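In case you want the letters, here they are:
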Amino acid sequence: HGGHHPETFEVLDILKSLERELLEHLREEEENDFPVLLELTRATNTKLEELLTEARRILQNLKEDHITVGDRVLKMERLTSNFTLPEDACNTYRVYYKKLTEFRDDLFNHIHLENNILFYKVSSLLDRLEGDNKEK
């Protein structure tokens, strides 16, 4: 299909890049970021200031990653006219676009859960801990 639909090559390049970036992002979250955020719930005063600073940095980096990834997915949508199948699409092409749509929906749900639920709760905890720490 690439001869008639050159956008498929660019979409493939974006997907390959996303695969690398998302695998690294998830590894970083699981091995480094989430353990630091979890440690906040058990922090002692001696380590609290360091954890607060690190947690703010982590939240900012994760939000920036989400924006970057979201922008790439939106670029794929633009390239494919929102995953609209061309008239000459075969079954493989149909499955490809269906899976791209599922990927987009799953990814944006993941981003929503982190940005609007997890990060909100962590930010609220940080605000409370920073307030408690200033009072001491």
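This section reports on the structure supplied with the text. (Residues numbered from 1 in each chain as written. Predicted model: local features only at pLDDT ≥ 70, side-chain atom pairs only at ≥ 80, totals over all residues. Heavy atoms only, no water.)

1. Side note on unusual backbone geometry
Part 1: Here Ser-81, not a glycine, exhibits a phi torsion of approximately 50 degrees, which is positive.
Part 2: Structurally, Ser-81 is set in the loop between helix H2 (45-79) and helix H3 (91-135).
Part 3: For Asn-82, which is not glycine, the phi torsion reads 60 degrees and is therefore positive.
Part 4: Along the chain, the position of Asn-82 falls in the loop between H2 and H3. (Helix = DSSP H or I, 4+ residues; strand = E, 2+ residues; numbered from the N terminus.)

2. Structural notes on the environment of Leu-59
Part 1: On the secondary structure map, Leu-59 appears in helix H2.
Part 2: Sequence spacing of Leu-59 and Phe-119 is 60 residues, and the spatial spacing of their C-alpha atoms is 6.8 Å.
Part 3: Residues within four places of Leu-59 in sequence aside, it is in contact with Phe-119, Val-122, Ser-123 and Leu-126. (Contact = heavy atoms within 4.5 Å.)

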